[in-house]
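# An overview of the molecular structure
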Amino acid sequence: MEKTCTEVWNSCLQIIKDNIPNQSFKTWFEPISALKLEGKVLTIQVPSLFFYEWLEEHYVGLLRKTVKKQLGDEGRLEYNIVVDKSSNTGSPYTTNMPSNGNGAEAKTQSMPIPVSINKDIKNPFIIPGLKKLNVDPQLNPNYTFDNYIEGDCNRLARSAGYAVAAKPGGTSFNPLMIYGGVGLGKTHLAQAIGNEIKRSVPDKLVIYVSCEKFCQQFVDSLKNNTINDFVNFYQAMDVIIMDDVHNFAGKEKTQDIFFHIFNHLHQSGKQIILTSDKAPKDLAGLEERLLSRFKWGLSADLQVPDLETRVAILKKKMYADGIELPGEVIEYVAHNIDNNVRELEGAMVSLLAQSTLNKKDIDLALAKQMLKNFIKNTSKEISMEYIQKLVCEYFEVPVEMVKSQTRKREIVQARQISMYLSKSHTKSSLKTIGAFFGGRDHSTVIYACQTVEDLIETDKKFKAYVNDIQKKLKMS
Ligand code: ADP
Ligand code: MG
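Residues numbered from 1 in each chain as written. Chains lettered and ligands numbered in written order. Predicted model: local features only at pLDDT ≥ 70, side-chain atom pairs only at ≥ 80, totals over all residues. Heavy atoms only, no water.

Formed by 64 residues in total, the largest nonpolar core has its most connected members in Trp-9, Phe-29, Ile-257 and Phe-294. The two domains that each donate at least three residues to this core are domain 1 (5-112) and domain 2 (155-302). Those residues within four positions of Phe-294 in sequence are excluded, and the remaining contacts are Pro-175, Met-177, Val-245, Phe-258, Phe-262, Leu-274, Leu-283, Leu-286 and Ser-299. Formed by 26 residues, the second largest nonpolar core is a distinct cluster that contains Phe-395, Ile-411, Ala-414 and Val-445. (Core = buried A, V, L, I, M, F, W, Y, C linked by side-chain atoms within 4.5 Å. Buried < 20%, exposed > 50% of the residue type's maximum accessible area, 1.4 Å probe, protein only. Domains from an automatic or database assignment. Contact = heavy atoms within 4.5 Å.)

Our next topic: the UniProt feature "binding site: ATP" (unreviewed entry) in the chain. UniProt annotation of "binding site: ATP" (unreviewed entry) refers to Gly-183, Gly-185, Lys-186 and Thr-187 when read in the numbering used here. Relative to the elements of secondary structure, Gly-183 occurs in the loop between strand 6 (176-180) and helix 7 (186-200). Apart from the residues within four sequence positions on either side, Gly-185 is in contact with Tyr-148 and Leu-302. (UniProt positions renumbered as here; feature names shortened; annotations may be inferred. Helix = DSSP H or I, 4+ residues; strand = E, 2+ residues; numbered from the N terminus.)

This part covers the packing of aromatic side chains. Evaluation of the coordinates by the stated rule reveals 24 aromatic pairs. Taking 5.1 Å as the distance between ring centres and 65 degrees as the angle between the ring planes, the aromatic pair formed by Phe-214 and Tyr-234 counts as edge-to-face. On the criterion of sequence distance, the pair formed by Phe-214 in helix 8 (residues 211-223) and Tyr-234 in helix 9 (residues 227-235) is long-range, its members being 20 residues apart. The ring of Phe-259 carries the charged tip of Arg-289 above its face, separated from the ring centre by 3.7 Å. Sitting over the face of the ring of Phe-436, Lys-403 holds its NZ or CZ atom 4.0 Å from the ring centroid. (Phe/Tyr/Trp six-rings, centres within 6.5 Å; stacked < 30°, edge-to-face > 60°. Lys NZ or Arg CZ within 6 Å of the ring centre and 35° of its normal.)

Here we take up the site of ligand 1. Lining the immediate surroundings of ligand 1 are 17 residues, of which Gly-183, Thr-187, His-188, Arg-342 and Glu-345 lie closest. For ligand 1, an oxygen atom lies 2.6 Å from a polar atom in the side chain of His-188. Between ligand 1 and the protein, one listed contact pairs an oxygen atom with a side-chain N or O atom of Glu-345 at 2.7 Å. When ligand 1 sits alone it has 560 Å² of accessible area, and the protein chains cover 92% of it. Those elements that provide at least two residues to the shell around ligand 1 are helix 7 and helix 14 (341-358). Here the shell around ligand 1 is built from residues that sort into seven nonpolar, seven polar and three charged. (Near = heavy atom within 4 Å. Polar contact = N/O pair within 3.5 Å; in protein donor to acceptor, adjacent residues only side chain to side chain. Areas by Shrake-Rupley, 256 points an atom, 1.4 Å probe, with all protein chains shown as cover. Nonpolar A, V, L, I, M, F, W, Y, C, P; charged D, E, K, R; others polar.)

Shown next, in the form of structure tokens:
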């Protein structure tokens, strides 16, 4: 008596089950059903193209062996792939493909597989039902290009992002990889691209997902046996924004899945946007084949913004929040918090919070006091440049004048105090100090120090000036 396709397939499953982990069996083999047996050709139905690819990649050897065991050497395997479940004809669109593992020679494996597609569908990769899906892109609407300040630190990444937003999938920046240290604006920029695409073409299916969340979703889908839905969902997107891909490190299975999703999206001209804390070449713990794809498009880095950009970011942020702060306070914050934008914003927020609590306006002294905890404890080395700036600000004289030859009384005073403070607060030699303040020699510095000390003794007002400035020096 001839065996039915189900009997043959069940016998295959028995063997397969004994040869792979239980979870893999559940994930990849339980959703398969036997469709038909014609002569020596067994056709099994798999729930998606992705399933087919996955089985062929990971289990082709095992499948070949078991099929041959059941049907003899001529045994062949064919897949019937469900392309669209949601068709209104009642039965799903499907397509058939032979297994690569059928031939005895391994060579045939690299041959392109002819795809026989149901004539009714032009492109089996479009899932018509999903197009109508209303997917929440998971974007934060506050992250836009409008409030993303441009500076030397981000010019390339920003303009590449802009180009991608204008033509998702249509530039050579695919994938676009934005990388840089923590708090430098990767998430903001990546989301700005997504928001811009949604704004100009609301129909586009855009999804923002952190790598961590993606990994979690993958684990959940394994647990719930919904891996196919998981993959289908991401493969149906027009734009995927994956944040912090360095978190893929060590997660081989999730990388494997993402590799397939990546390929699928890339082949169908969909846009992929990635962020990472390192350049692709420095990413450790990622599979080579995934890394090499990350390098296909453009990698653009974000640098620490310069002072001017930091000031601009703070001003923009304040404007957006309807807050006003004195210019010198903004300068102070921007000057002292110089390693990342998130801290910059954090400092300002805590400043505002404290001023609201204390019902006090924020002036420079208050800002300094409040930000003490924010600014790195390691007290900054005081430079002659800084002393000069402080003294000149205090006496309201232009910095260039101090270095000039002028003998105007207030300038001489500023110059002498600067020299005196440089001697007591820096490790610079008399010679270096003299050279710095307008190319004077060391005896001028000695004379200046002497003069200042004498005046402190005799002139109360002068003494108060010097104390004031010294206090400011210590506060910075
Ligand atoms: P990352 O993802 O690189 O850690 P984020 O994108 O979360 O950094 O940025 C941290 C904060 O700094 C966010 O609030 C963001 O809006 C802000 N930010 C970063 N760069 C800029 C910029 N160029 N212009 C305006 N805000 C910025
Ligand atoms: Mg981020």
